[in-house]
Amino acid sequence: MAFLRGINVGGHKKVPMKELRELFLKLELNNVQTYIQSGNVVFQSEEKNIEILKLKIQENIISCFGFDVPVLIKTYAELKAINNECPFSKEKKESSYFMLLYTEPNQDLIEKLVEINSQDEEFYITKNCIYFYSNVGYGRAKYNNNFFEKKLKVTVTARNYKTLLKLLSLCKDLI
């Protein structure tokens, strides 16, 4: 599964899903499916080296669409573990966001963030995900994707719980 950061947001970096699927097929990836317009691509690949696969996808996006897009690749098992390790109660988990980290954040930066507290928002940071819950809704949240990127100095892409479940379902169908 590939997560593309920042496409089709506010009219920027427009990537039609049909063209994105065709690009992945051109790369000889199999069973390619996109889910919604926010850069979720489920696929199968014979390539076992994630870095090589990621670079191939990034380079082809640049040549096809003319802009660079951060690409994060997760296996079904990795995505399932991220879902299962969510520290929130079932009720909060169903309204939470999973902010997937492209690289592991520095522990000192995590410790500084943990000291920050908000009455309306909760977050829990692991090496590959920020679990985020806001009782005022994500759109009105003080702590968002950009906030965590700046504070942790890592690239982050967020998906809500329902999207994560759907992606897990699509991936499971390929096993």
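See the structure above.
As the structure is a prediction and not an experimental result, all values here were calculated from the model. (Residues numbered from 1 in each chain as written. Predicted model: local features only at pLDDT ≥ 70, side-chain atom pairs only at ≥ 80, totals over all residues. Heavy atoms only, no water.)

## Examining helix 1 (residues 17-26)
So, point 1. Of all the residues in helix 1, the buried ones are M17, L20, L23 and F24. The arc enclosing the buried residues of helix 1, seen along the axis, measures out at 115°, which places them on a common side. Of the exposed residues in helix 1, those oriented more than 90 degrees away from the buried face are K18 and K26.
So, point 2. Directly after helix 1, the chain includes E28, whose backbone phi takes a positive value near 65°. (Buried < 20%, exposed > 50% of the residue type's maximum accessible area, 1.4 Å probe, protein only. Helix = DSSP H or I, 4+ residues; strand = E, 2+ residues; numbered from the N terminus. Arc of directions from axis to C-beta.)

## Describing the sheet that holds strand 2 (residues 30-35)
So, point 1. Here we have four strands laid out as an open sheet, ordered 2-3-1-4, and antiparallel in their pairing. The open sheet is flanked by strand 2 and strand 4 (71-73), the only strands paired with a single partner. When strand polarity is set aside, the average angle formed by the axes of neighbouring strands in this sheet is 20°.
So, point 2. Here strand 1 (residues 2-4) pairs with strand 3 (residues 40-44) via two bridges, running antiparallel. The residue bridging F3 from the neighbouring strand is N40, located in strand 3.
So, point 3. Lying over the sheet, helix 1 contacts strand 1, strand 2 and strand 3, oriented at roughly 155° with respect to strand 2. (Pairing = 2+ DSSP bridges. Axes fitted to C-alpha atoms, helices over the stretch in contact; angles between N-to-C directions. Contact = heavy atoms within 4.5 Å.)

## A few points about helix 2 (residues 50-65)
So, point 1. Helix length check: helix 2, at 16 residues, gives a terminal C-alpha distance of 22 Å against a target of 22 Å (1.5 Å per residue), a fit within 8%.
So, point 2. Residues of helix 2 that are buried include every one of L53, I57, Q58, N60, I61 and F65, and no others. One side of helix 2 holds all its buried residues, which, seen down the axis, span an arc of 165°. For helix 2, the exposed residues lying more than 90 degrees away from the buried face are E59 and S63.
So, point 3. Buried residues belonging to helix 2 abut strand 1, helix 1, strand 3 and strand 4.
So, point 4. Its side-chain oxygen placed 3.0 Å from the backbone nitrogen of E51, N49 serves as the N-cap of helix 2.
So, point 5. G66 sits one or two positions beyond helix 2 and adopts a positive phi of about 85°. (Expected span 1.5 Å × (residues − 1). Polar contact = N/O pair within 3.5 Å; in protein donor to acceptor, adjacent residues only side chain to side chain.)

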